[in-house]
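Report on the structure
Below, each chain spelled out in residue letters.
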Amino acid sequence: MTAIVSADEYGFTYAGVHSREFNIRIIEVHRNIMPTMEEQTQDIPGMIGELYLGMNLKSRLIPVDIELVADSHKQRNDLIQQIYQWLKPVGDSEYELIFDDQSDYVYYAHVSNVDDLVRSLYKGKSTITFTCSDPKAYGEYQSYDITTNPISITPDGLDECYPIFTCIPSKDVTQIALSDEDGNYIYIGEDVDPDTGDSPVDKEPRVLHDICNNLANWEVVTKDTLTFVLENGSIGGSAKATANTLRVSDFGSHVSGNWHGPVLKQMLPSSYSDWRVRARFINAQSYPRAMGKIELYLLDPNGTRIGKLMLKDNGTKSEIVYAQAQVGYDSNGEHKDVYYGAGTIKKGKTTKKTVKTKNGTTTVKSGGKSKTVQKWKTITLEQDSSTSTFTNFYGYIQLQKIGNKYTVEIMELDDNANPKGSPITATWTDTKNEYTKKLAGIALYMAKYDITEDTTDPVTSYKNNDLALCDVQVWNIIDGGNGATSSPTYIARAGDEIKINTEDGTVYKNGAIFMEHLYIGSKFPVMQGGVMKTFAFEPNIDEAEWYYEYRPTR
């Protein structure tokens with residue numbers, strides 16, 4: 001298809017795709033001065049008139065007049081179908097909307113109306129109406145170190161903005177706090193009781209934190225040293241360490257009808273009756289038909305499997321990925337899935353692709369001489385673009401055991417390891433006390449399942465799933481954990497990252513939601529573009545690294 005709209009013409013980007021990709025020329029963008037407003041009043045009996053309660057600023061409408069440019073009826077019809085796929089609403093999702101003349105600000109919008117196309121030869125004019133449920137436009141994040149305490153901050157922009165404060169203490173702390181000049185404060189934790197003199201205790205000490213940047217602490221497991229049951233798998237290939245991940249270097253040779261890849265094992269300092277394990281994974285899809293999984297097995301002192309965390313792309317032709325947190329699995333395969341599922345599945349289009357493979361030889365005559373030539377066979381395969389909640393997943397899966405209660409938490413993260421949305425949670429109580437073995441080690445398995453492309457001659461090249469372990473932590477939970485004691489507890493250890501996000505009103509610890517120690521009177525502060533506000537912090541900047549970031553709005 002010939003592109004008619006040039007790259008230097010003014011346009012917009014919606015859902016990551018620029019309007020020029022569909023030969024859309026912008027006629028006019030109607031940016032209203034104000035978003036939709038609604039007057040708030042109350043009728044008071046016996047009072048003349050109404051009581052004015054202010055204005056409610058609602059959504060923002062941005063109509064965009066466009067011209068669709070084509071050089072044939074067929075091209076115009078093809079473009080109409082492509083634009084439909086691009087703009088059609090998907091559930092309650094809103095996407096980034098960026099105009100070329102305001103490329104430093106982004107709206108979050110959905111398409112609420114598209115006018116009928118008025119045709120003129122091969123062209124057509126219409127109006128696309130975008131609705132932004134949040135009327136503000138957001139600039140890029142700005143980040144600054146906090147070098148004085150207190151500190152005065154004057155944010156850019158014209159509208160309200162919501163800072164994110166980050167504290168990384170240099171020692172174990174029992175409290176983290178910030179306050180502003182208006183008396184708003186955030187207080188996390190508890191101090192030593194001055195009446196009883198109790199000292200802080202930590203009933204959830206972290207016994208392992210591997211940032212996955214080297215293989216020194218991991219044992220390479222072979223077929224002869226394997227002590228636990230690999231689920232439908234065999235060992236092959238090797239792993240490698242990068243700056244911040246453990247990945248597959250080689251999946252090993254072809255195995256028919258089975259998963260295959262490298263296995264690594266690491267034992268803990270001791271064995272623990274109650275525990276919490278959190279593993280941060282990547283399982284990303286580039287080729288719909290590729291099948292890859294990453295598993296973290298939980299082991300007892302004998303190296304026997306007592307649990308598993310997993311992300312598995314099990315689709316033979318799609319990108320649907322399943323997450324799992326499993327307890328048990330002894331020699332008889334008895335187990336309990338505390339969580340197993342794909343989340344929400346989004347159906348995609350099914351397409352065909354062909355691959356070629358050798359199909360024997362044949363003898364032919366040429367110029368009165370016989371010669372042997374290669375025969376080829378074409379194989380038609382299906383693939384579709386269906387996805388699930390865990391497609392291209394980057395985030396952590398956490399499994400916790402306290403007594404006979406198991407709790408799962410699954411949280412997707414963005415590229416900066418900040419939480420995206422709300423966690424998926426599940427609980428299960430082992431009322432029969434069937435799974436009581438202690439945790440003493442972990443093992444990592446990254447594997448692929450061979451598909452038709454692996455069996456052609458020659459092998460058809462394709463991109464395997466990107467599998468990686470980015471971080472793994474283990475805690476020993478003593479006497480029910482910190483939540484079961486009335487004594488002051490350490491809420492953060494040296495090097496932990498505490499984020500106070502005033503936009504979503506949530507506190508995070510090392511990327512996980514951390515609200516159990518938030519004081520009930522806490523109020524998250526808001527800043528106004530162009531208006532200075534002063535903040536104070538605890539612990540002081542000589543005992544912790546503090547910085548803040550925000551997105552200017554208008």
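Cut-offs applied
Residues numbered from 1 in each chain as written. Predicted model: local features only at pLDDT ≥ 70, side-chain atom pairs only at ≥ 80, totals over all residues. Heavy atoms only, no water. Helix = DSSP H or I, 4+ residues; strand = E, 2+ residues; numbered from the N terminus. Buried < 20%, exposed > 50% of the residue type's maximum accessible area, 1.4 Å probe, protein only. Contact = heavy atoms within 4.5 Å. Areas by Shrake-Rupley, 256 points an atom, 1.4 Å probe, with all protein chains shown as cover. Lys, Arg positive; Asp, Glu negative; His and termini not counted. Charge placed at Lys NZ, Arg CZ, Asp CG, Glu CD. 1 Å grid on protein atoms, 1.4 Å probe; cavity = no way out; pocket = protein on both sides within 12 Å on 5 of 7 lines; lining within 4 Å. Points joined across faces, edges and corners; volume = space filled by probe spheres on them. Nonpolar A, V, L, I, M, F, W, Y, C, P; charged D, E, K, R; others polar. Core = buried A, V, L, I, M, F, W, Y, C linked by side-chain atoms within 4.5 Å. Pairing = 2+ DSSP bridges. Axes fitted to C-alpha atoms, helices over the stretch in contact; angles between N-to-C directions. pLDDT = per-residue confidence, 0-100. Phe/Tyr/Trp six-rings, centres within 6.5 Å; stacked < 30°, edge-to-face > 60°.

Moving on, we come to the overall build of the protein. Looking only at helices and strands, the protein features 2 helices and 42 strands. Viewed in the frame of its principal axes, the protein has a C-alpha envelope of about 105 × 75 × 45 Å. Within the protein, buried positions represent 45% of all 554 residues. Put simply, 70% of the contacts in the protein that link residues at least 6 apart link residues at least 24 apart. As displayed, the protein has an accessible area near 27300 Å², and 46% of this comes from carbon and sulfur atoms. If you average the places of the 56 positive and of the 75 negative side-chain charges in the protein, the two averages end up 14 Å apart.

What follows concerns unusual backbone geometry. Most peptide bonds adopt trans geometry, and most residues besides glycine take a negative phi value. Of note, the amide linkage connecting Asn149 to Pro150 takes the cis form, showing an omega dihedral of 5 degrees. Locating Pro150 in the fold gives a position in the loop between β12 (142-145) and β13 (151-153). In the segment running from Asp457 into Pro458, the intervening peptide bond is cis, with an omega of 5 degrees. When you line up the elements, Pro458 lands in the loop between α2 (452-455) and β36 (466-476). Phi is positive for Asn232, which is not a glycine, with a value near 50 degrees. Its place among the elements puts Asn232 in the loop between β19 (219-221) and β20 (233-235). Even without glycine at this site, Asn392 takes up a positive phi of about 50 degrees. Relative to the elements of secondary structure, Asn392 occurs in the loop between β31 (369-384) and β32 (393-402).

It is worth spelling out empty space enclosed by the protein at this point. Inspection of the entire model under this criterion finds 1 cavity of 30 Å³ or more. As a volume, the largest cavity reaches approximately 40 Å³. Every residue along the wall of the largest cavity is listed here: Tyr138, Tyr141, Tyr162, Glu503, Tyr550 and Arg551. Its residues assigned to classes, the lining of the largest cavity shows 4 nonpolar, no polar and 2 charged.

By size, the foremost hydrophobic cluster in this structure holds 44 residues, and its most contacted members are Phe281, Leu296, Leu309, Leu311, Leu444 and Leu469. Leu296 has contacts with Val277, Ala279, Phe281, Gly307, Lys308, Leu309, Ile442, Ala443, Leu444 and Val472, leaving out every residue within four places of it along the chain. Ranked by size, the runner-up nonpolar core spans 26 residues in total, among them Ile491, Phe514, Phe524 and Trp546.

Paired through their backbone hydrogen bonds, the strands of a sheet run either parallel or antiparallel. What the 4 strands build is an open sheet, ordered β13-β41-β16-β17; its pairing is antiparallel. Edge positions in the sheet fall to β13 and β17 (185-189), since each has one partner strand and no second. Shown here is a sheet whose adjacent strand axes are inclined to one another by a mean of 20 degrees, direction ignored. As judged from the 4 bridges shared by strand β16 (residues 175-180) and strand β41 (residues 533-538), these two strands associate in the antiparallel manner. Bridge pairing in β41 places Leu178 opposite Phe537.

With that out of the way, let us pick up the layout of surface pockets. Here the largest pocket is characterised by a volume of approximately 1100 Å³. Considering the residues around the largest pocket, the lining is formed by 32 residues, among which Tyr108, Tyr141, Asp414, Lys420 and Arg551 are closest to the centre. Listed by contribution, the elements that provide at least two residues to the lining of the largest pocket are β7 (95-99), β8 (105-114), β11 (138-139), β37 (498-501) and β38 (506-509). Its volume calculated, the second largest pocket comes out at about 590 Å³. If you go around the second largest pocket, you meet 27 residues; those closest to its centre are Glu204, Arg276, Arg278, Phe514 and Glu516. Those elements that place two or more of their residues in the lining of the second largest pocket are β25 (275-284), β32, β33 (405-412) and β39 (512-513). Per-element tally for the lining of the second largest pocket: the top contributor is β33, with 3 residues. Class assignment for the residues of the lining of the second largest pocket results in 9 nonpolar, 8 polar and 10 charged.

Looking now at the confidence of the model for the protein. Across the protein, the average pLDDT comes to 89, with 95% of residues at 70 or higher. Strand β35 (residues 439-449) holds the highest mean pLDDT among the elements of the protein, 97, whereas strand β5 (residues 51-57) holds the lowest, 82.

Strand order in this open sheet of 6 strands is β12-β42-β15-β37-β38-β39, and the pairing throughout is antiparallel. One side of each edge strand has no neighbouring strand; the edge strands of this open sheet are β12 and β39. Of the strand pairs in this sheet, strand β15 (residues 164-169) and β37 are connected by 4 bridges, and their pairing is antiparallel. The residue bridging Cys167 from the neighbouring strand is Ile498, located in β37.

The next thing to look at is the packing of aromatic side chains. Following the criterion strictly, the structure yields 27 aromatic pairs and no others. Their ring planes at 25 degrees and their centres at 5.8 Å tell us that Tyr406 and Trp428 sit as a pair that is stacked. Of the two residues, Tyr406 sits in strand β33 while Trp428 sits in strand β34 (residues 424-429), which places them 22 residues apart along the sequence. Plain terms: the ring middles of Phe537 and Trp546 are 4.7 Å apart, the flat faces sit at 45 degrees to each other, and that makes the pair tilted. For the residue pair Phe537 and Trp546, the accessibility class agrees, reading buried in each case. Grouped by ring-pair contacts, the aromatic residues Phe12, Tyr14, Phe22, Trp86, Tyr95, Phe99, Tyr107 and Phe130 constitute a single cluster.

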